[in-house]
Structures are given as C-alpha cells and as structure tokens.
Amino acid sequence: MSQEWPLWEVFIRGQHGLNHRHVGSLHAPDAEMAIKNARDVYTRRNEGVSIWVVEAQHITASSPSDKGPLYEPSESKVYRHPTFFDIPDEAGHM
Amino acid sequence: MYAQMVKSEASQDDPEKLAGFQARIDAGEKIEPKDWMPEGYRKTLIRQIGQHAHSEIVGQLPEGNWITRAPTLERKAILLAKVQDEAGHGLYLYCAAETLGVSRDELTEMLLDGRMKYSSIFNYPTLTWADMGAVGWLVDGAAIMNQVPLQRTSYGPYSRAMIRICKEESFHQRQGYHIMMKMAQGTPAQKKMAQDALNRFWYPSLMMFGPSDKDSVHSAQSMKWKIKMNTNDELRQKFVDQTVPQAEFLGLTVPDDTLRWNEEKSGYDFAEPDWSEFFDVIQGNGPCNTERLAARNKAWDDGAWVREGLMAHAAKKRAAKLAAE
C-alpha cells in the first residue's frame with residue numbers, strides 16, 4: 001500500500017479586511033498542491049481572496065477536558081468587562 | 001438517502017459517561033472530534049458519513065456519462081460544474097469522517113471492495129439527456145430533503161459539511177428542473193423523453209429514503225444521538241408532497257395510479273416502491289452496480305502512479321530545500 005497524502009487544514013480570508021477562517025481540510029502531497037486543491041474544493045463560488053494551508057500534524061490543539069482550568073482565569077475577572085463599572089449618566093458619554 | 005440502512009452500533013460504554021454524553025446531545029451541544037463519544041456513535045457515524053461521501057463520488061458517474069453529449073456548450077459547462085461540486089461534497093464528507101479516526105485510504109478501500117455501500121440510486125443508468133433533468137430534480141431534490149435537517153446533526157464536523165453542501169445543492173436541483181422544463185415544453189418527442197425519465201426515476205428516488213419505518217431497525221438509536229433527524233417515511237412523504245405539484249407544473253404524470261391527495265393528512269397517498277427491487281440493488285444486483293464499482297476501481301488503480309509520483313516529487317523537493325539550507 002502506498003503512502004497516503006498528508007492532511008492539510010485550510011484557512012480562507014473571505015473578504016479583504018477579515019481574518020482567515022478555518023473552512024475544512026484536504027489531502028495533498030505538498031503545500032503548493034494543497035493551495036491548488038483548496039482553490040478547487042473551498043472557493044468554487046468566490047468564497048475567498050486569500051488561502052492559508054498548514055499541515056494538520058503541525059497544529060497543537062487544547063484538550064476539551066482542560067476546558068475548566070484553561071479558561072477559569074478569564075471567568076473570574078468580571079472587572080475586565082466595561083459593564084462592571086457603574087458610571088453615572090451625568091458623566092456623559094464614555 | 002445518500003446513506004441508507006446505516007446499521008447503528010450498540011454501545012458497551014460506561015453508563016455514567018453515556019448518560020453525560022446523551023445529556024450534551026439533548027442540550028443541543030455539538031460533539032467535536034476530541035470529545036469523548038461512545039464507540040457506537042463513532043462507528044455508526046463513520047458508516048453513515050462514509051456512505052454519504054461514497055454516494056457523492058459514485059454519483060458523479062451517471063452524470064459524467066452525459067458531459068460530452070450535452071446539447072449545448074452552456075448545458076455542458078453547467079453539468080461539469082455540478083459534477084465538480086459532487087466531488088467537492090464527497091471531499092467535505094470524507095474529511096468529516098476522517099476526524100473520527102478512519103483514514104481516507106481505508107474509506108476508499110472499503111468502497112472499492114464492497115465493504116461499504118453507496119446510495120442505491122446510482123446503480124440506475126442514465127439513458128437520455130432528460131435523465132440529467134430527472135436526476136437533478138428528483139435525486140438531488142430527495143438528497144436535499146435529508147440534508148437540510150442534517151445541518152443540525154450533533155456531530156460538529158458532519159454538521160458543518162452539511163451546511164456547506166446545502167448551500168451548493170440548490171443549484172443542482174434547479175438546473176435539473178430547468179432541463180425538465182425545456183424538455184416538457186419542447187417537441188412531442190422531447191416531452192416523451194422527459195416523461196420516460198420521470199417514469200424510470202420516480203420509484204428509485206422514493207427508495208433513496210430507505211425502507212419503511214416499520215422495517216427500519218436502526219432508526220431509534222440514531223435519532224436519539226441526532227445523527228438521523230427524521231424517519232424515512234416522514235422524509236419520503238415530504239418529498240412526494242413537494243414533488244407532485246412540480247410534476248403537474250411540467251405537465252408530466254407521476255407513474256402511480258394510486259396517487260391521491262388526502263385532505264385528512266394534508267398530504268398525498270402514494271404507492272410504495274418495490275422493496276424487493278431495493279434490497280436486490282443494495283445486494284449488488286442493480287442494473288449498474290458492477291459497472292460503477294469497476295469504474296471506481298479503475299480510477300483508483302489508474303491514478304496510483306500520480307499519487308505516488310507527486311509524493312516522490314514532494315519528498316525530493318523537501319530534500320533539495322534541506323540540502324540548500
């Protein structure tokens with residue numbers, strides 16, 4: 001059995017000014033072909049102005065079971081949100 | 001549907017974990033690849049998504065059959081774009097299946113050696129240009145019936161693939177109906193051809209939804225897991241109710257003498273397809289089963305040197321780049 005083409009994750013910038021966004025994955029022998037395949041698979045209807053591809057094995061993901069400890073620091077700091085502070089209307093627009 | 005009679009697997013997992021998993025699904029949460037899931041859920045999904053992907057890929061064959069013989073350059077370009085979309089849909093789905101821990105090559109091999117199935121509908125031949133109309137209108141129409149609710153399925157990657165597919169699928173059905181309109185309004189010979197296509201594709205389209213609910217043994221677990229959203233009979237009824245007025249608009253006759261509007265259920269009563277034919281086709285005895293699998297096997301074998309050659313080229317380029325650094 002021959003070696004399977006590696007898996008690439010595809011990110012597309014939908015319009016100028018927007019972030020690249022993950023749209024899916026595909027198999028390709030190298031980065032150049034991955035871009036070409038991504039063009040055919042993910043932008044058949046003008047969905048993009050720019051494509052990034054990265055080999056899936058190079059992506060490190062957080063683990064779902066870490067969810068609690070990983071995000072706890074942000075959950076306990078409500079004062080990071082502007083609504084935490086009560087400012088009287090008389091102070092004017094802020 | 002594109003996935004018919006998907007056998008659901010019983011789970012032997014820890015009851016507590018199972019209950020927690022079911023609670024997430026009931027709460028409408030999406031399950032993502034790295035989340036814990038019951039073995040049965042994973043296996044059933046691989047089978048279902050894989051079968052769906054295979055259907056998209058094999059589904060290119062009956063239409064590919066007419067690309068070189070389309071009546072105008074515009075129709076040819078449209079058909080080519082549609083067939084290219086089917087390839088894309090197959091790829092979205094294969095990627096979704098791969099997130100469950102099966103490789104692309106394994107999936108392909110299971111299709112090629114018959115361990116995995118594809119939809120029964122693609123084992124019927126496309127004999128005339130009107131069949132391109134009937135396939136888009138009826139076959140893609142039936143597929144949409146099933147795919148729209150599946151956008152809400154519990155497995156994240158599957159749901160996202162379905163959303164992409166549904167966005168693109170409407171073009172497929174409309175181009176098919178447009179062909180039917182042209183043919184039905186054409187010469188008597190063209191209209192006859194359109195009627196003949198409807199006659200041949202009507203019952204096979206009804207079969208796409210799978211056996212009647214009373215014979216459908218795998219539905220309950222899959223519905224609980226939200227990997228099947230409606231029963232086979234519900235979807236079939238919806239399809240008939242939507243399609244009959246479309247046939248009337250074309251001035252064509254649905255080949256069913258028993259077809260009647262039933263005021264009480266505000267839906268049509270209609271004849272069931274011949275289920276023995278359905279099981280026969282599933283078993284491999286349809287008019288085109290052998291031809292379809294032979295075509296897929298040939299494409300895989302003939303493409304081997306390309307797959308291997310591009311890998312060798314990529315390795316060579318990588319080595320040259322390393323040497324230059």
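Reading guide: rules and limits
Residues numbered from 1 in each chain as written. Chains lettered and ligands numbered in written order. Predicted model: local features only at pLDDT ≥ 70, side-chain atom pairs only at ≥ 80, totals over all residues. Heavy atoms only, no water. Helix = DSSP H or I, 4+ residues; strand = E, 2+ residues; numbered from the N terminus. Rg over C-alpha atoms; globule rule 2.2 N^0.38 Å. Buried < 20%, exposed > 50% of the residue type's maximum accessible area, 1.4 Å probe, protein only. Contact = heavy atoms within 4.5 Å. Buried area = accessible area lost by both parts, 1.4 Å probe. Salt bridge = Lys/Arg side-chain N within 4 Å of Asp/Glu carboxyl O. Polar contact = N/O pair within 3.5 Å; in protein donor to acceptor, adjacent residues only side chain to side chain. Nonpolar A, V, L, I, M, F, W, Y, C, P; charged D, E, K, R; others polar. Axes fitted to C-alpha atoms, helices over the stretch in contact; angles between N-to-C directions. Parallel < 35°, antiparallel > 145°, perpendicular 65-115°, else oblique. Left-handed = near helix turned anticlockwise from the far one by under 90°. 1 Å grid on protein atoms, 1.4 Å probe; cavity = no way out; pocket = protein on both sides within 12 Å on 5 of 7 lines; lining within 4 Å. Points joined across faces, edges and corners; volume = space filled by probe spheres on them.

As recorded in an unreviewed UniProt entry, chain A goes by the name Phenylacetate-CoA oxygenase, listed as coming from Marivita geojedonensis.

Draft legend 1. Fine view of the overall build of chain B. When helices and strands are counted, chain B shows 13 helices and 2 strands. Over its C-alpha trace chain B gives a radius of gyration of 21 Å, about what one expects of a compact globule, namely 20 Å for 325 residues. Viewed in the frame of its principal axes, chain B has a C-alpha envelope of about 70 × 55 × 35 Å. Each of the 325 residues in chain B was classed as buried or not, and the buried ones make up 52%.

Draft legend 2. Summary view of the interface of chain B and chain A. Taken together, the contacts link 26 residues of chain B with 24 residues of chain A. With both chains or domains summed, chain B and chain A bury close to 2,000 Å², and 52% of this area falls on carbon and sulfur atoms. For chain B, the biggest contributors to the area lost against chain A are Lys34, Arg164 and Met311 of chain B; these three give 27% of the whole. Across the contact surface, chain B and chain A share 7 salt bridges. For Lys317 of chain B, the salt bridge is made with Glu32 of chain A, and the minimal N-O distance between the two is 3.1 Å. Counting across the chain B and chain A interface gives 14 residue pairs in polar contact (both at pLDDT 80 or more). Of all elements in the fold, only helix H4 (73-98), helix H5 (104-112), helix H7 (156-184) and helix H13 (304-324) of chain B reach the threshold of two or more residues within the side of chain B that touches chain A. Considered class by class, the residues forming the side of chain B that touches chain A number 9 nonpolar, 5 polar and 12 charged.

Draft legend 3. Main features of the packing of helix H6 (residues 130-150) of chain B against H7 of chain B. Residue and element names in this part refer to chain B. Where H6 contacts H7, the axes come no closer than 7 Å and their chain directions differ by 150 degrees. Taken together, H6 and H7 sit at an angle that is classed as roughly antiparallel. In terms of crossing hand, the pair formed by H6 and H7 is left-handed. Residue classes in the contact of H6 with H7 are distributed as 15 nonpolar, 10 polar and 2 charged.

Draft legend 4. Seen up close, the layout of surface pockets. For the largest pocket, the calculated volume is near 1,400 Å³. For the largest pocket, the lining is made up of 41 residues, of which Glu9, His22, Val23 and Gly24 of chain A together with Arg160 of chain B are closest to its centre. Contributing elements (two or more residues each) for the lining of the largest pocket: strand E1 (7-13), strand E2 (20-27) and helix H2 (67-75) of chain A together with H4 and H7 of chain B. The biggest single contributor to the lining of the largest pocket is H7 of chain B, with 7 residues. There is about 1,000 Å³ of room inside the second largest pocket. The wall of the second largest pocket is formed by 32 residues, among which Trp5 of chain A together with Leu91, Arg104, Arg296 and Trp300 of chain B lie closest to the centre. Where the lining of the second largest pocket is concerned, the elements lending two or more residues are E2 and helix H1 (31-42) of chain A together with H4, H5, helix H12 (289-302) and H13 of chain B. It is H4 of chain B that contributes the most residues to the lining of the second largest pocket, 6 residues altogether. Grouping the amino acids of the lining of the second largest pocket by side-chain chemistry returns 15 nonpolar, 10 polar and 7 charged.

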